[in-house]
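# A look at the structure
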Amino acid sequence: MYLKTNYSWILAGAIFLLSISVKAQNVDHKRENYSGNHAKYVFLFIGDGMGFAHVAATEAYSSAISNGKAFKPLNFSKFPAQGLMTTNAANRFITGSAASGTALATGHKTSINTISMKEDRSGKYPTIAEKAKAKNMKVGIITSVSIDHATPAAFYAHEPVRHNYYNIGKQLTNSGFDYFGGGGFKFRNGRKGDQPDLIKMSKKNGYTLVDSRRDFHRLDKEAGKVIAMNPRLDDGAMPYAMDMNRKDISLADFTQKGIELLNNEDGFFMMVEGGKIDWSAHGNDAAGVIHGVRAFADAVEQAIAFYEEHPEETLIIVTADHETGGMAVGAKETKYSSYYERLKQQRVSLDVFGDKLNDLVRNGRNEEVSFDRVMQVTKKYIGLGKERHGLGLNKRDMRLLQHAYEIQFKDKENPEEMDAMALAYIGEQSFAQTAIEILTKKAGFSFTSNSHTGIPVPVSAIGPGAELFDGRIDNTDIPKNIETLLQPVSN
C-alpha cells in the first residue's frame, strides 16, 4: 500500500511538472509567433495584493449600494483577454512585493526582498521600463505608496535589499525617467536623517517637483522631467482611498496627468500601482480593500479613455503582484446571505480609526477612557451598534470588543479569559482590528490571513497583443510579452 501511494505521488508530480512545461512552451510559442500590431503606448496597472476575491468583493459591493443583485463588473473585468497568473518567488512559494515586482519588471524570478537583481544578488536584471526608455519612449511610474517602495522600485532600481529606501531613492533621481507620481520618498535624508536631501538631488538632476494641487494641475510638457507628490503623505505614502479629501490628488488624477505629460511621437510606458489595496488586505479591512480597488479602477478608466482614441496602438494590462489576506466573498457567520452594503457605514480606514481611538487617550489627559466612550467612537466611524443598518451587537460581539478594550486601553492581558479571535489582536490596535473584523463578517466577507498567499491572481488586457495575456501565465511572462509587443525603435 505504501509503495502504491508513493508511486502515485511521483506520477502526480511528474504530470504537474509536465503541465508546467507545456504551459511555458505554449506561452513562448504565442510570443515567438506573434505577428500582430505593436504597441506605441503601454499601461501596466498593478493592484498590489489584489486577488480574484478583492475584485469580486468590489463588484459585489458596488452592486449592493446600487440596489443591484448581480455583480457590477469593473472596467478591466470586461477586457477581452482574461488570464490567471502564478506568482511564486525563486526561493519561496508565497512571494513578496520585491520578488514579484522584479518578475513583473524584468521577466526573471528572484529571491525575497531583492529588487531587480539575480537571486544571489550578484548582478542586475534590466527592466521593461529601462528597455522602453532605450527605445526612446517616455516612462512614467505612479504609486499610492512611497515612490521608493518595492513595486515601483523594481522598475527603475537594482538593490539587494528592498528596505534600502535611501539607496533606491538615489537611483530614482538618476534614472532619467520622465514622470514619477503619487507618493514621495520614505527617507529623503536617509534613515538617520544625515544624508544629502533626495529632493535637492532630484532638482539638481533636472526634475521639477510639485506637492500641491495647484502646482500639479499647472504642470505641462514644458516642466520636463517631473516628480509629483500628493500634498498629504505619511511615511511617503498617500492616504488610503477612503480617507482622501478634496485637498488630495487621486490615483486617477496622477494617471491622467501622466498621459498628458508623456504623450509623444515615440510613445510611452506607464506603470501604475494601487499600493494600498495590499495594506488594507494585510489589516483585513474589507472596506479599505474595496475603496482601494475602486480608486484603482478609476485610474484604469483614464487609460481606457486614451485607448479609445488610439485603439490600434494602446495596450493596457491590469494585474497584481500577489494576493494578500486570503480574502473570501462569504463568511461563516452569514452563510449564504450577503449584506455587502453594510460596509458603507465604515467611514474611515482601519489606520485612521485606530488614530481616532488613540486620540481618546491623548485628549483624556491620562484619565481612563471608558468602554462606552470607545463604543461611541466605534459607532460613529465603523457603524457597529447601528441596528437599523443590521449592525446590532450580540453577546459574543460585545465580549470580543470588551476583551480588545481591556488589552488596548487598560493593558490587561489574561489569555485564559479570551477566545481565539481576541488573542489574534494583541497590541496597540487590538480594538480597532477587532471592530473591523466584526463589521467585515457581518457584511459577508472574511479573510484567512494577515499575510500574502500563494493564490494565483487575475490578469486583464486590451489592445494589440492582448491575447498573449489570455489564459494561464506566470508573472515573468508579463514583461516578456510587453517587450515582444513594443514598437520597433524609430529611425
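All chains use their own residue numbering, which begins from 1 and follows the written sequence. Totals for whole chains, interfaces and linings use all residues, but because this is a predicted model, local features are given only for residues with pLDDT of at least 70 and pairs of side-chain atoms are given and counted only at 80 or more. To obtain the side-chain values, all non-hydrogen atoms of the structure were used and water was disregarded.

### Remarks on the overall build of the chain
Strands here are runs of E lasting at least two residues and helices are runs of H or I lasting at least four, both read from the DSSP assignment and numbered beginning at the N terminus. Scanning the chain for helices and strands turns up 17 helices and twelve strands. Each residue's exposure class comes from its accessible area (1.4 Å probe, protein chains only) as a fraction of the maximum for that residue type: buried when under 20%, exposed when over 50%, partly exposed otherwise. Relative to its full complement of 491 residues, the chain shows a buried share of 55%. Restricting the contact set of the chain to residue pairs at least 6 apart, pairs at least 24 apart contribute 73%. Each accessible area is a Shrake-Rupley result for a 1.4 Å probe, and residues are judged covered by the shown protein chains and nothing else. Of the roughly 21900 Å² that the chain leaves accessible, carbon and sulfur atoms contribute 49%. By definition in these notes, contact holds between two residues if any of their heavy atoms fall within 4.5 Å.

### Concerning the pattern of salt bridges
Here, a salt bridge means any Lys or Arg side-chain nitrogen found within 4 Å of an Asp or Glu carboxyl oxygen. Inspection of every chain in the model, using the stated rule, returns 13 salt bridges. A salt bridge links Lys133 to Asp178; the shortest N-O distance between them is 2.8 Å. Of this pair, Lys133 sits in helix α4 (residues 128–134) while Asp178 is found in the loop between α6 (165–173) and β4 (179–182), placing the two residues 45 residues apart along the sequence. Overall, Lys133 belongs to the partly exposed group, its relative accessible area being 27%. Salt-bridge contacts for Asp197 lead to Arg188; the nearest nitrogen and oxygen are separated by 2.6 Å. Under the relative-accessibility criterion, Asp197 is labelled buried at 14%. Linked by salt bridges that have partners in common, Asp28, Arg31 and Asp477 make up one network.

### So, the packing of aromatic side chains
For this analysis, a ring pair means two rings from Phe, Tyr or Trp (six-membered ring only for Trp) whose centres lie within 6.5 Å, classed as stacked if their planes differ by under 30 degrees, edge-to-face if by over 60, and tilted for the remaining angles. The tally for this structure, following the rule as stated, stands at 19 aromatic pairs. Look at Tyr41 and Phe306: their rings are 4.9 Å apart centre to centre, the planes differ by 85°, and that puts the pair in the edge-to-face class. On the criterion of sequence distance, the pair formed by Tyr41 in strand β1 (residues 41–47) and Phe306 in helix α11 (residues 286–309) is long-range, its members being 265 residues apart. Under the relative-accessibility criterion, Tyr41 is labelled buried at 4%.

### Thoughts on the pairing of β1
Counting buried positions along β1 yields seven of seven residues, so the element is predominantly enclosed. Across the two faces of β1 the burial is the same, with Tyr41, Phe43, Phe45 and Gly47 and Val42, Leu44 and Ile46 all buried. Both β1 and strand β7 (residues 268–274) contribute to a ladder of seven bridges, which runs parallel. Its bridge partner being in β7, Tyr41 is matched across the sheet by Phe268. Paired strands, in this sense, are two strands between which DSSP finds at least two bridges. Where β1 meets strand β8 (residues 314–319), six bridges bridge the pair, whose relative direction is parallel. When the sheet's bridge partners are listed, Ile46 is paired in β8 with Thr319.

### As for the confidence of the model for the chain
pLDDT expresses how confident the predictor is about each individual residue, on a scale running from 0 to 100. Looking at the chain as a whole, its pLDDT mean stands at 91, while 90% of the residues score no less than 70. Here residues 1–6 scores under 50 on pLDDT; set against residues more than four positions off or in separate chains, the count is zero contacts.

### Observations regarding the environment of Asp120
Here Asp120 lies in the loop between α3 (97–106) and α4. A relative accessible area of 58% places Asp120 in the exposed class. It is 8.7 Å that separates the C-alpha atoms of Asp120 and Pro160, two residues lying 40 residues apart in sequence. Within 3.5 Å is the distance limit for a polar contact, defined as a pair of N or O atoms, with the added protein rule that one can donate a hydrogen and the other accept it, and that residues adjacent in sequence qualify only through two side-chain atoms. A polar contact of 2.6 Å, which involves the side chain of Asp120, links it to the side chain of Ser122.

### Structural notes on the nonpolar core
Nonpolar cores are built from buried Ala, Val, Leu, Ile, Met, Phe, Trp, Tyr and Cys residues. Side-chain atoms within 4.5 Å join them into one set. Phe155, Phe269, Phe431 and Phe469 are the most contacted members of the largest nonpolar core, which totals 134 residues. If one sorts the elements of this core by residue count, α11 sits on top with 13 residues.

### Observations regarding α3
Along α3, ten of the ten residues are buried, which leaves the element largely enclosed by surrounding structure. Within the sequence span of α3, burial applies to Ser97, Ala98, Ala99, Ser100, Gly101, Thr102, Ala103, Leu104, Ala105 and Thr106. Of the residues flanking the end of α3, it is Gly107, one or two places downstream, whose phi is positive at about 85°.

### Focus: the side chain of Asp397
Here Asp397 is to be found in helix α14 (residues 395–409). A relative accessible area of 7% means that Asp397 is categorised as buried. Asp397 has contacts with Gly392, Ile438 and Lys442, leaving out every residue within four places of it along the chain.

### What about the environment of Gln487?
Relative to the elements of secondary structure, Gln487 occurs in the segment after α17 (477–485). For the pair Gln487 and Met137, spaced 350 residues apart in sequence, the C-alpha separation works out to 9.5 Å.

### What to know about the sheet that holds β1
Read across the open sheet, the ten strands follow the order β5-β6-β4-β3-β7-β1-β8-β11-β2-β12; overall the sheet is mixed. Taken across any chain shown, the strands that pair with only one partner, and hence form the sheet edges, are β5 (207–210) and β12 (471–474). Strand-to-strand twist across the sheet, computed as the mean angle between neighbouring axes with direction ignored, equals 15°. Axis angles are defined between N-to-C directions and span 0 to 180 degrees, where every axis is a line fitted to C-alpha atoms and, for a helix, only to the segment in contact.

### Some points on the side chain of Thr255
Within the secondary structure layout, Thr255 lies in helix α9 (residues 251–262). Other than its neighbours up to four places away in sequence, Thr255 contacts Phe45, Ile142, Met270, Val272, Ala299 and Gln302.

### With respect to the packing of α14 against helix α16 (residues 430–443)
Contact pair α14 / α16: the axes reach a minimum separation of 7 Å and the direction vectors enclose 160°. One finds that α14 runs roughly antiparallel with respect to α16. Taken as a pair, α14 and α16 cross one another with a handedness that is right-handed. Of the residues in α16, those touching α14 at Asp397, Leu400, Leu401, Ala404, Tyr405, Ile407, Gln408 and Phe409 are Ser430, Phe431, Ala432, Thr434, Ala435, Ile438 and Lys442. Relative orientations are named as follows: roughly parallel for angles under 35 degrees, roughly antiparallel for angles over 145 degrees, roughly perpendicular for angles from 65 to 115 degrees, and oblique for any other angle. If you view the pair so one helix is near and one far, a crossing is left-handed when the near helix is turned anticlockwise from the far one by less than a right angle, and right-handed when it is turned clockwise.

### As for unusual backbone geometry
Positive phi is not limited to glycine here, since Asn136 has a value of about 75°. Tracing the sequence through the fold places Asn136 in the loop between α4 and β3 (138–143). By relative accessible area, Asn136 is classed as partly exposed at 46%.

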